[in-house]
Amino acid sequence: MDSVHEKTQGNSSIDSVRAVNLDAPPLPSEDVLWECVLRRDRTSDGVFVYAVSTTGIYCRPSCPSRRPRRANVRFFPDAQTAEREGFRACRRCQPEAERDGQSEAIYRVRAYIETHLDEDLSLTALSQIAFLTPTHLHRTFKRIVGVTPRQYVEAQRRERFKLRLRKGGTVTKALYDAGYRSSSGLYTQVSADLGMTPSVYQRGGQGMKIDYTIVVCSLGRLLVAATDRGLCAVYFGETEAELVAALEHEYPAATRVACSDGLGEYIASILDALDTRETSSPPAKLTDLPLDITGTPFQRQVWRALQMIPSGQTRSYAEIAKVIGHPAATRAVAQACSSNSVAIVIPCHRVRRTNGTLGGYRWGVERKRALLMREGALSDGKADA
């Protein structure tokens, strides 16, 4: 278990992984790494990360998310290498974060919450999982995650509720599967996050009409979509098929209508901000455009702060965390940035790491670099991914 020879004989132990990494930069065989992923081997965390080409996300080996297909997996020695290849960090396992003892305890609590939503998740019960007092757990959880344990539990239950609805379950069954004990207050709470009632979301947006247009811009293709309430999606992509599939995935049963008019003001404003085009009639400022997007209260706080960053300037994740009153929630801020569904309109590209490097970007680090260079916030050749 402690030699390279044993690894080459098919041993999948992470001890073999470490034996190789101590002596040479290259990772061991991908078969060894894949076995660690299949076992969700926590001892492999910090040794390597794996990325999924179909989602653009990279994870720790112990990530509790559903295992991907082997053909779609790539392995990297660290988070920085994965991000240079254009992948973004998983919001569940936070592979970009170094963990101390308290961070590990909070990670353990989060993993427990996500897999035990139908159980007692009171602060007292969770403190026993973390081996912390309830008061200490509450304070530490909020500092690291950005929300309280109760708020995190509710957010996870809402996400499971939405998932059950999208898989075809009834509203009542989805409610109890998500850990709710009654429907009191559920419709008001979930409707605020979905932008629609649970029954409409259950039907994948059935009854909703979403107009969308795909245009060519300097950064590839751009999809702009809106409901009668406002913009619901602004995506970058390489192909029209990729963009249409992304919109269909979010609203599979909505009436999606490709149109060449009706979105003119949105498109003019976005392209003007993107390409600095001169127009005879100046379009509306991006911050004035109405939005029909969903998010948690914390995410909405982050998004509002992003819209306050002037063009030509950047802020660090830590600075945004301070602005919204959660100075220790830098990782949660990064997660909120990656959840932004309206590129440019909410300028998450203007946020960088504290050390000055770019960090991740939902639509690719190269697009982020190009946007910042265009806005004058970045000098050519002086940006690391």
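Throughout what follows, the structure given in this document is the object of discussion. (Residues numbered from 1 in each chain as written. Predicted model: local features only at pLDDT ≥ 70, side-chain atom pairs only at ≥ 80, totals over all residues. Heavy atoms only, no water.)

1. A word on the nonpolar core
The biggest cluster of nonpolar side chains holds 72 residues, and the ones touching the most others in it are Phe236, Val302 and Leu306. Of all the elements, strand S7 (residues 230-237) adds the most residues to this core, at 6 residues. Apart from residues lying up to four places away in sequence, leucine 306 is in contact with Ile320, Cys337, Ile346, Pro347, Cys348 and Val351. Leu33, Trp34, Tyr50 and Cys90 belong to the second-largest nonpolar core, a separate cluster that totals 15 residues. (Core = buried A, V, L, I, M, F, W, Y, C linked by side-chain atoms within 4.5 Å. Buried < 20%, exposed > 50% of the residue type's maximum accessible area, 1.4 Å probe, protein only. Helix = DSSP H or I, 4+ residues; strand = E, 2+ residues; numbered from the N terminus. Contact = heavy atoms within 4.5 Å.)

2. Brief notes about the sheet that holds S7
Strands sit in the order S7-S6-S5-S8 across an open sheet of 4 strands; the sheet is mixed. Two strands bound the open sheet, and with one partner strand each, they are S7 and strand S8 (255-258). Along the sheet, successive strands turn relative to each other by an average axial angle of 25 degrees, direction set aside. In this structure, strand S5 (residues 209-217) lies alongside strand S6 (residues 220-227), joined through 7 bridges in antiparallel fashion. In the strand pairing of S6, tyrosine 212 is matched with alanine 225. (Pairing = 2+ DSSP bridges. Axes fitted to C-alpha atoms, helices over the stretch in contact; angles between N-to-C directions.)

3. Examining the packing of helix H6 (residues 123-130) against helix H7 (residues 134-145)
Two quantities define a packed helix pair, namely the angle between the helix axes and the distance between the axes. Following both chains from N to C, one finds H6 and H7 inclined at 85 degrees, their axes separated by 9 Å at the closest point. Judged by the inter-axis angle, H6 sits roughly perpendicular to H7. Across the interface between the two elements, Leu123, Thr124, Leu126, Ser127 and Ala130 from H6 touch Pro134, Leu137 and His138 from H7. Broken down by class, the residue content of the contact of H6 with H7 amounts to 5 nonpolar, 3 polar and no charged. (Parallel < 35°, antiparallel > 145°, perpendicular 65-115°, else oblique. Nonpolar A, V, L, I, M, F, W, Y, C, P; charged D, E, K, R; others polar.)

4. A look at H7
Taking 1.5 Å per residue as the helical rise, H7 with its 12 residues ought to reach 16 Å, and the 16 Å between its terminal C-alpha atoms agrees with that figure. Taken together, the buried positions of H7 are occupied by Leu137, Thr140, Phe141, Ile144 and Val145. With its buried residues spanning 105 degrees around the axis, H7 presents them on a single face. What points out from H7, more than 90 degrees from its buried face, is the exposed set Thr135 and Arg139. (Expected span 1.5 Å × (residues − 1). Arc of directions from axis to C-beta.)

5. Things to note about unusual backbone geometry
A positive phi angle, near 50 degrees, is found at glutamine 94, a position not held by glycine. Relative to the helices and strands, glutamine 94 resides in the loop between strand S4 (88-89) and helix H5 (101-115). We classify glutamine 94 as buried; its relative accessible area is 8%. One non-glycine residue, phenylalanine 131, adopts positive backbone phi at about 60 degrees.

6. Examining the pairing of S6
Most of S6 is tucked away, with 6 of its 8 residues classed as buried. The hairpin turn running from S5 into S6, its antiparallel successor, is 2 residues long. Bridge count between S6 and S7: 7 bridges; the pairing is antiparallel. Bridge pairing in S7 links leucine 223 to tyrosine 235. A loop of 2 residues connects S6 with S7, the two strands running antiparallel in sequence.

7. What about the sheet that holds strand S3 (residues 73-76)?
Strand order in the open sheet made by the 4 strands is S3-S1-S2-S4, with mixed pairing throughout. Lying at the two open borders of the sheet, with one neighbouring strand each, are S3 and S4.

8. What about the packing of aromatic side chains?
Here the structure, examined in full by the defined rule, presents 5 aromatic pairs. Judged by centre distance (5.5 Å) and plane angle (70 degrees), the ring pair of tyrosine 361 and tryptophan 363 falls under edge-to-face. Given a relative accessible area of 8%, tryptophan 363 falls into the buried group. A cation over a ring is seen here: arginine 70 above tryptophan 34, with NZ or CZ 5.7 Å from the ring centre. (Phe/Tyr/Trp six-rings, centres within 6.5 Å; stacked < 30°, edge-to-face > 60°. Lys NZ or Arg CZ within 6 Å of the ring centre and 35° of its normal.)

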